[in-house]
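Architecture and fold: a report
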Amino acid sequence: MHRSHRYLFSSILLTAAIAAPTAMMAATRPQDNGRQEENHRDDKDHNRVYDRSHNDYHNWDDNENRFYRQYLTEKHKTYRAFAEVKEKDQRAYWNWRHSHPNHDHDHGGR
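This report concerns the structure included in the present document. (Residues numbered from 1 in each chain as written. Predicted model: local features only at pLDDT ≥ 70, side-chain atom pairs only at ≥ 80, totals over all residues. Heavy atoms only, no water.)

The next subject is the packing of aromatic side chains. All told, the structure shown has 15 aromatic pairs when counted by the stated rule. With a centroid separation of 6.1 Å and 90° between ring planes, the pair formed by Trp60 and Trp94 is classed as edge-to-face. Remark: Trp94 occurs in helix H3 (residues 87-98) and Trp60 occurs in the loop between strand E3 (56-59) and helix H2 (62-74); sequence separation between them is 34 residues. In this pair, the class of Trp60 matches that of Trp94, namely buried. With centroids separated by 5.9 Å and ring planes inclined at 70°, the aromatic side chains of Tyr68 and Tyr79 adopt a geometry described as edge-to-face. Here Tyr79 lies in the loop between H2 and H3 and Tyr68 lies in helix H2, a separation of 11 residues in the sequence. Looking at Tyr68, the relative accessible area reads 3%, which means it is buried. Judged by its relative accessible area of 38%, Tyr79 falls in the partly exposed class. Cluster of aromatic residues (ring-pair linked, three or more members): Trp60, Phe67, Tyr68, Tyr71, Tyr79, Phe82, Tyr93, Trp94 and Trp96. One Lys or Arg, Arg48, reaches over the ring of Tyr57 and ends 4.4 Å from the middle of that ring. Seen from the ring of Phe67, Arg97 lies directly overhead, with NZ or CZ sitting 3.7 Å from the centre. (Phe/Tyr/Trp six-rings, centres within 6.5 Å; stacked < 30°, edge-to-face > 60°. Helix = DSSP H or I, 4+ residues; strand = E, 2+ residues; numbered from the N terminus. Buried < 20%, exposed > 50% of the residue type's maximum accessible area, 1.4 Å probe, protein only. Lys NZ or Arg CZ within 6 Å of the ring centre and 35° of its normal.)

As structure tokens, this is what we get:
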């Protein structure tokens, strides 16, 4: 009987050793929500959003948020967080944003 406990313990230990890395990889992998934006934090803790249509990054700060709200006002749209907006609407915003540059702010941020 003592011998069967040893095999049982070895089997459980082997199963745990195999399953643990797989479970950890699945738990830490981010979900792709299919949205256009990719949010990143740089070393200065700025939130950066990738604009796929124009192949560039934008710092999403108070200035960008002001532009986004200005865009929504001009287009008569209700505010929704940018990350929640459909991809086609995000693309439309970036197209509008590239035609409304903020020269003082945009040189280092994009």
